[in-house]
Amino acid sequence: MRNYYIAGNWKMHKTVAESVALAKALVAELGSCGERVMIAPAFTALSAVADVVKGSRIVLGAQNMGPDLQGAHTGEISPLMLKDLGVTAVILGHSERRHSYLETDALINKKVLLALAQGLEPILCVGETLEERESGRLEAVVGAQVREGLKGVDAAALGKVTIAYEPVWAIGTGKTATPEDADAVHAYIRKVLAGLYGEAAAKAMCIQYGGSVKAENAAELMAKPNIDGALVGGASLKAESFGPIAKFRS
Ligand code: PGA
């Protein structure tokens, strides 16, 4: 049976107190959940949420990190600082970072390599805009994001990487890719991975889907052969909506 990986990206939401309350509700709700579950609060709430999830099944993630270990980088957060708080996973290359903050594949690749070198498990986000999809460039765009994002990642480290396919037009819009459309892109990503690392490594890779995932569509998405989990935004902000997604099998 596949091991699914369900991650909650809280984005720029919640005070420390609100984050702690949600984390406590999730620890209670997901005690018996068999899937791998990660939550990524804002940086400011990581320390407090770390205390709540310690000893639970919930993994603590960050939404981003800087590309350097330390130094004169005003406003950036180092992987050393994340590890210091008990963070073990990090979302990198989210489309909001790519589009609003102009992160390039080269920068994201630098972060992926640094995260791995520091023992953090990156979720590398990829995905096309509607314009790219409609002009027939989906595979070129997503393929390049995968290849460039993983440049220099050796086969031994690949198992620590998760890929999240998040079509930009489906994020926060209520529009979900159909399970069939999403699965087809996941299969393409696996083909790209097979070309880079071989069939066995590509098959073992965890590829999450993200973009308006909710309790109502989670089971249908996850039933597809190439969808191994979900990266959830809006629906991860409440235990009542995230809990059922993580427990989609029960
Ligand atoms: P959404 O966000 O679930 O609100 O569409 C997903 C994401 O951006 O990771």
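So, here is what we can say about the structure in this document.

Basis of the calculations
- Along each chain, residue indices are assigned from 1 in the same order as the chain's sequence is written.
- Restriction of local features to residues with pLDDT of at least 70 applies here, the model being predicted, together with a cutoff of 80 or more for giving and counting side-chain atom pairs; totals for whole chains, interfaces and linings are based on all residues.
- Excluded from the side-chain calculations are hydrogens and water; all other atoms, namely the structure's heavy atoms, are used.
- Among buried residues, the Ala, Val, Leu, Ile, Met, Phe, Trp, Tyr and Cys ones that are joined through side-chain atoms within 4.5 Å form a nonpolar core.
- Under the scheme applied here, a residue whose accessible area is under 20% of the maximum for its type counts as buried, over 50% as exposed, and between as partly exposed, the area being computed with a 1.4 Å probe on protein chains only.
- A run of DSSP states H or I qualifies as a helix once it reaches four residues; a run of E qualifies as a strand once it reaches two. Both are numbered from the N-terminal end.
- Throughout, a contact is declared for two residues whenever any of their heavy atoms are within 4.5 Å.

1. Thoughts on the nonpolar core
Ile6, Leu150, Ile163, Ile189 and Leu193 are the most contacted members of the largest nonpolar core, which totals 72 residues. The element that contributes the greatest number of residues to this core is helix 9 (residues 179-197), accounting for eight residues. Leu150 has contacts with Asn109, Leu124, Leu158, Val161, Ile163, Leu193 and Tyr197, leaving out every residue within four places of it along the chain. Counting residues in each nonpolar core, the second largest holds 12 residues, with Val59, Ile123, Ala164 and Cys206 among its members.

2. Considering unusual backbone geometry
In this model, Lys14 sits at a positive phi of 85 degrees, which is unusual for a non-glycine residue. Looking at the secondary structure, you find Lys14 in the loop between strand 1 (5-9) and helix 1 (16-29). Positive phi outside glycine occurs at Leu102, with the angle close to 55 degrees. On the secondary structure map, Leu102 appears in the loop between helix 4 (95-100) and helix 5 (105-117).

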